[in-house]
Amino acid sequence: VIPLTPSRDDSREIALRHGARVLEVLPGEFDHGETRNRAALAARGDHLVFLSQDALPADRGFLRALTAPLADPRVFGVTGRMLPRPFASVPTLRSLREEAASQEHARRIAIEDYDAYRGLHASERRALLVYNNVCGAIPRAVWERLPFPRARFGEDLRWARRALEAGGTLVYEPLARVIHSHEPD
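Everything quoted here is computed from the prediction, not taken from an experiment.

## Here we look at the environment of Ala 166
- Position of Ala 166 among the secondary structure elements: in the loop between α8 (155-165) and β8 (169-179).
- Accessibility expressed as a relative area gives 39% for Ala 166, which makes it partly exposed.
- Sequence separation between Ala 166 and Tyr 114 is 52 residues; the distance between their C-alpha atoms is 11 Å.

As structure tokens, then:
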């Protein structure tokens, strides 16, 4: 299922030609959380995979690497590694290096001690939110309990906080690689 705003390229036709069900979202209706919820509701299967329209899997092992951690019922969400586009500028490379979702080492995050978690500074709690919808996977059963919040931006971080606080584990899997970077304005 591919949610699209009215397409200016042939992506809608290409998706249909390859058997995808296309959900159209009018620009005035677009909301990051609600659009993903609509797509999840229309999707089939036990795992939901979210991939931004401008993220490209880096290799054939992408989907297997992204969904493998979901075999553990404690895992509520998995996010993959973002690699820079070829010819990315130096500022873009520097910015991406600082992102949690561009690191080389896998991470598993769960709240072990809720009192200690509540005592963390907001920036320290933010660093625990390793889930990102640029490249993410969630078990359908988890999404049914914890759908994405309505949000013009940051629905994935809000969802990740709720997932951790509900007792879930978040996984960052660097072997699930996508090419995704943005040049600064």
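That was the structure; now back to the text.
## A look at the nonpolar core
- Among the nonpolar cores identified, the biggest contains 37 residues, and Tyr 131, Ile 138, Trp 159 and Leu 170 are the most heavily contacted of them.
- Among the elements that make up this core, the one with the highest residue count is β8 (5 residues).

## Observations regarding the confidence of the model for the chain
- When pLDDT is averaged along the chain, the result is 89, and 95% of the positions lie at 70 or above.
- Mean pLDDT across the elements of the chain ranges from a minimum in strand β1 (residues 2-4), with 48, to a maximum in helix α7 (residues 140-145), with 98.
- Note on residues 1-5: pLDDT is under 50 here. Beyond four places in sequence and across chains, it has 21 contacts.

So, how was this worked out
Sequence order as written defines the numbering, with residues in each chain counted from 1. It should be noted that, the model being predicted, local features are given only for residues of pLDDT at least 70 and side-chain atom pairs only at 80 or more, the latter also being counted only at that level, while totals for whole chains, interfaces and linings use all residues. Side-chain measures were taken over the full set of non-hydrogen atoms in the model, leaving aside hydrogen atoms and water. Labels follow the DSSP assignment, with helices taken as runs of H or I lasting at least four residues and strands as runs of E lasting at least two, numbered in each case from the N terminus. Partly exposed describes any residue whose relative accessible area lies between the buried limit of under 20% and the exposed limit of over 50%, with all areas from a 1.4 Å probe on protein chains only and scaled to the type maximum. Here, nonpolar core refers to any group of buried Ala, Val, Leu, Ile, Met, Phe, Trp, Tyr and Cys residues whose side-chain atoms link them within 4.5 Å. Confidence of the prediction at every residue is given by pLDDT, a number between 0 and 100. We call two residues in contact when some of their heavy atoms are within 4.5 Å.

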